[in-house]
Amino acid sequence: MSIISTKYLLQRARQQGWAVPAFNIHNAETIQAVLEVCAERQSPAILAGTPGTYKHIACEEMLALCRAYSKSYNMPTILHLDHHEQFDDIVHKVNAGVRSAMIDASHFPFEQNVDLVRQVVNFCHRADCSVEAELGQLGGQEDDKNVDAQNAFLTDPQQAVEFVHRTGIDSLAVAIGTAHGMYTQPPKIDFDRLSVIGKLVDIPLVLHGGSGVPNDDVTHAIRLGVAKVNVGTELKIAFANAVKAYFAENPNANDPRFYMRTGMDAMKQVVHEKITLCGSEGRL
Ligand code: 13P
């Protein structure tokens, strides 16, 4: 059992009309929470770490945890680099053993985005590492980066065709109206745009900002070509609220095995719901 890339998994998901949920993880407990559910439901899942996550636990340590859990749960594990922006950082982590990377150069003008992504693809493909890149830009807060509404812009379908062709990426993150973080009002997803992109681009599409997106919108997006659904904030909220409630009820508690377990159980509920929503159960 090993650390694998997302290339064939996401292709299979797109062809068959389901999606792989990608969960943002931060430590051993959040990895365990995701994998306990995945093992029970026999679902593939992507464990996604932002650059900030790998500052909290070094990539080598995260890989060691994933390899150990992969063996214990008898299933392959995908450790993904979420929203990585630096070529050298990706090289270092792929050399350490990561096999799934997102290069986010979406803040650059188109030509610069293409150049950096192509450089990452050339390196990663030699190491059997799949590459996701973003065209257009999502708003909201992700890691320590905040993109306000004025700077967010949607993916242009024709540019998407050129982008995929010139970069050789394995999956494309699209900006279609979702945002990172929780929504104050329901997101307005541009399904017409997604439908055109889905017809023109045959690689798997990725939906970022999955927290708080109504279930019908997620399933609609999957029907139009989305094969990876990213969820972060909803997991953190569930975990934190459960731990807060635990301490409110047990003000003298101090044993992490108990208060962490309440957080993990609440997070596991969300993981269950997203696996059902994405239709990934039994697809290991
Ligand atoms: P949310 O935190 O809004 O679920 O977004 C997660 C994400 O898109 C990670 O890349």
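Here the structure is a predicted model, which is why all the values come from computation and not from measurement. (Residues numbered from 1 in each chain as written. Predicted model: local features only at pLDDT ≥ 70, side-chain atom pairs only at ≥ 80, totals over all residues. Heavy atoms only, no water.)

Participant: Got a sec to walk through the side chain of Asp-82? Specific residues and values, please.
Facilitator: Locating Asp-82 in the fold gives a position in strand S3 (residues 78-84). Of the side chains with opposite charge, Lys-228 lies nearest to the buried Asp-82, which makes no salt bridge, at 5.2 Å. In this structure Asp-82 touches Asn-24, Ala-48, Gly-49, Thr-50, Pro-51, Met-102, Glu-142, His-208 and Asn-230, once residues within four positions along its chain are discounted. (Helix = DSSP H or I, 4+ residues; strand = E, 2+ residues; numbered from the N terminus. Buried < 20%, exposed > 50% of the residue type's maximum accessible area, 1.4 Å probe, protein only. Lys, Arg positive; Asp, Glu negative; His and termini not counted. Salt bridge = Lys/Arg side-chain N within 4 Å of Asp/Glu carboxyl O. Contact = heavy atoms within 4.5 Å.)

Participant: Go over the sheet that holds strand S7 (residues 145-147) with me, naming the residues and quoting the values.
Facilitator: Pairing between the strands of a sheet comes from backbone hydrogen bonds, and it takes one of two forms, parallel or antiparallel. With respect to topology, three strands assemble into an open sheet ordered S7-S6-S9, the strand pairing being mixed. At either end of the open sheet lies a strand with only one pairing partner, and these are S7 and strand S9 (179-180). In this sheet, S7 lies alongside strand S6 (residues 139-142) in antiparallel orientation, the contact comprising three bridges. Each bridged residue has a counterpart across the sheet, and for Gln-141 the counterpart in S7 is Asn-146. (Pairing = 2+ DSSP bridges.)

Participant: Tell me what's going on with the pairing of strand S1 (residues 20-24), and back it up with residues and numbers.
Facilitator: Here is the key point about a regular strand: its side chains alternate between the two faces of the sheet. Burial analysis of S1 places five of its five residues in the buried class, the great majority of the element. Covered by surrounding structure in S1 are Val-20, Ala-22 and Asn-24 together with Pro-21 and Phe-23, the residues of both alternating faces. As judged from the three bridges shared by S1 and strand S2 (residues 46-49), these two strands associate in the parallel manner. Directly across from Ala-22, in S2, lies its bridge partner Ile-46.

Participant: Account for the site of the ligand, with residues named and values stated.
Facilitator: The environment of the ligand is formed by 15 residues, the closest being Asp-82, Gly-209, Ser-211, Gly-232 and Thr-233. At 2.8 Å from an oxygen atom of the ligand is found a main-chain nitrogen or oxygen belonging to Gly-209. For the shell around the ligand, the secondary structure elements donating two or more residues are S3, S9 and strand S11 (226-231). (Near = heavy atom within 4 Å. Polar contact = N/O pair within 3.5 Å; in protein donor to acceptor, adjacent residues only side chain to side chain.)

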